[in-house]
Amino acid sequence: MSVPLTDLERGLLVGVLIGEGHFGGDGRYPHITLRMHTRHEALFRWLEARFPRSRLYGPYRHGGREYFQWMARGPALAEDVLPVVEATLDESIAPYAWERLRAMRERYADFFARYER
């Protein structure tokens, strides 16, 4: 379960995902992924604290890059992160991110149907 978020925190989450996030999946299961330089570790720790069922990987060092990767999938995605994103993301402000979210929802409709009440 996620920690209750303030309006500012919801905006921060969605803003970061608009700019740096990936809405997709591995072909079987959907996920939201955020990969950024290790200098953003505090942000990743913040995400980890607010969404404890999500996962933080890294730090990785590859090809001259140093980064963390945060992933929300399974119940963490469907029950914790996605409701915040869908309630906050506005198509008119971020049409590309909104379309990626819509495509993920459509492609993995069977997965999401398991979590709808």
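Scroll up to find the structure this text is about.
Everything quoted here is computed from the prediction, not taken from an experiment.

Quick notes on the rules
Residues numbered from 1 in each chain as written. Predicted model: local features only at pLDDT ≥ 70, side-chain atom pairs only at ≥ 80, totals over all residues. Heavy atoms only, no water. Core = buried A, V, L, I, M, F, W, Y, C linked by side-chain atoms within 4.5 Å. Buried < 20%, exposed > 50% of the residue type's maximum accessible area, 1.4 Å probe, protein only. Helix = DSSP H or I, 4+ residues; strand = E, 2+ residues; numbered from the N terminus. Contact = heavy atoms within 4.5 Å. Pairing = 2+ DSSP bridges. Axes fitted to C-alpha atoms, helices over the stretch in contact; angles between N-to-C directions. Expected span 1.5 Å × (residues − 1). Arc of directions from axis to C-beta.

**Points about the nonpolar core**
Nonpolar side chains in soluble globular proteins tend to end up buried together. One finds I32, W70 and V85 to be the most contacted residues of the largest nonpolar core, which totals 32 residues. At six residues, the largest contribution of residues to this core is made by helix 3 (residues 75-88). Once residues lying within four places of it in the same chain are set aside, the contact partners of V85 are L13, V14, L17, F23 and L101.

**Focus: the sheet that holds strand 3 (residues 55-62)**
The strand order across the open sheet formed by four strands is 1-2-4-3, and the pairing between neighbours is antiparallel. Strand pairing shows two members of the sheet lacking a second neighbour, strand 1 (21-25) and strand 3, which therefore form its edges. Within this sheet the neighbouring strands show an average axis-to-axis angle of 25°, counted without direction. Alignment of strand 1 against strand 2 (residues 30-37), held across five bridges, turns out to be antiparallel.

**Focus: helix 1 (residues 7-20)**
Here helix 1 contains 14 residues, and its C-alpha end-to-end distance of 20 Å stays within 8% of the 20 Å for a straight helix at 1.5 Å per residue. Here helix 1 has its buried residues at E9, L13, V14, V16 and L17. For helix 1, the angular spread of the buried residues around the axis is 160°, confining them to a single face. Exposed and oriented more than 90 degrees from the buried face of helix 1 are D7, L8 and G19.

**A look at the environment of F112**
With respect to the helices, strands and loops of the structure, F112 is situated in helix 5 (residues 109-113). Using a relative accessible area of 3% as the deciding quantity, one classes F112 as buried. For the pair F112 and E48, spaced 64 residues apart in the sequence, the C-alpha separation amounts to 22 Å. When sequence neighbours within four positions are dropped, the list of residues in contact with F112 reads P30, L77, A78, L82, M104 and R105.

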